[in-house]
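Coordinate analysis (summary)
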Amino acid sequence: MFRSLQSRLPADAANAPDTWDRFAAALTHDTGVDPMTITPDSPLLDEGSSWRGLGNLSRMMGVLLIASAAIIVLLVLALR
């Protein structure tokens, strides 16, 4: 998801040092996962990690909705 976001952002925003940190914070905001424990290569869902509690469909849809909102917010901020 992060690489997809980067491909849509202007180069200066995509390569900004804080872009990943802001994305990770937005993505993990409602999940209880520490944003410092994930990297751009971390799987969105992983049976061996704290994401495993998201097995039910409604919670996964909530995470996808939050991630989509985070992408939109970052795009709006980058395009200002």
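Residues numbered from 1 in each chain as written. Predicted model: local features only at pLDDT ≥ 70, side-chain atom pairs only at ≥ 80, totals over all residues. Heavy atoms only, no water.

As for the layout of surface pockets
Considering only enclosed or pocket space, the largest pocket measures out at about 190 Å³ in volume. Looking at the lining of the largest pocket, the elements with two or more residues in it are helix H1 (2–8) and helix H3 (19–28). In terms of residue count, H3 provides more of the lining of the largest pocket than any other element does, three residues in total. Across the lining of the largest pocket, the residue classes break down as ten nonpolar, two polar and two charged. (1 Å grid on protein atoms, 1.4 Å probe; cavity = no way out; pocket = protein on both sides within 12 Å on 5 of 7 lines; lining within 4 Å. Points joined across faces, edges and corners; volume = space filled by probe spheres on them. Helix = DSSP H or I, 4+ residues; strand = E, 2+ residues; numbered from the N terminus. Nonpolar A, V, L, I, M, F, W, Y, C, P; charged D, E, K, R; others polar.)

Concerning the nonpolar core
Membership of the largest hydrophobic core comes to 15 residues, with the highest contact counts inside it found for Phe2, Leu5, Leu9, Trp20, Phe23, Leu27 and Ile38. Looking at this core, the elements with two or more residues in it are H1, helix H2 (11–14), H3 and helix H4 (57–78). (Core = buried A, V, L, I, M, F, W, Y, C linked by side-chain atoms within 4.5 Å. Buried < 20%, exposed > 50% of the residue type's maximum accessible area, 1.4 Å probe, protein only.)

Brief notes about the pattern of salt bridges
The final tally for this structure, using the stated rule, is two salt bridges. Residues Arg3 and Asp41 are paired through a salt bridge, measuring 3.1 Å at the closest nitrogen-oxygen approach. In this pair, Arg3 is assigned in helix H1 and Asp41 in the loop between H3 and H4, connecting sequence segments 38 residues apart. Per residue, the accessibility class of Arg3 equals that of Asp41, and both read exposed. Note that Asp18 and Arg22 form a salt bridge whose closest N and O atoms lie 3.8 Å from each other. (Salt bridge = Lys/Arg side-chain N within 4 Å of Asp/Glu carboxyl O.)

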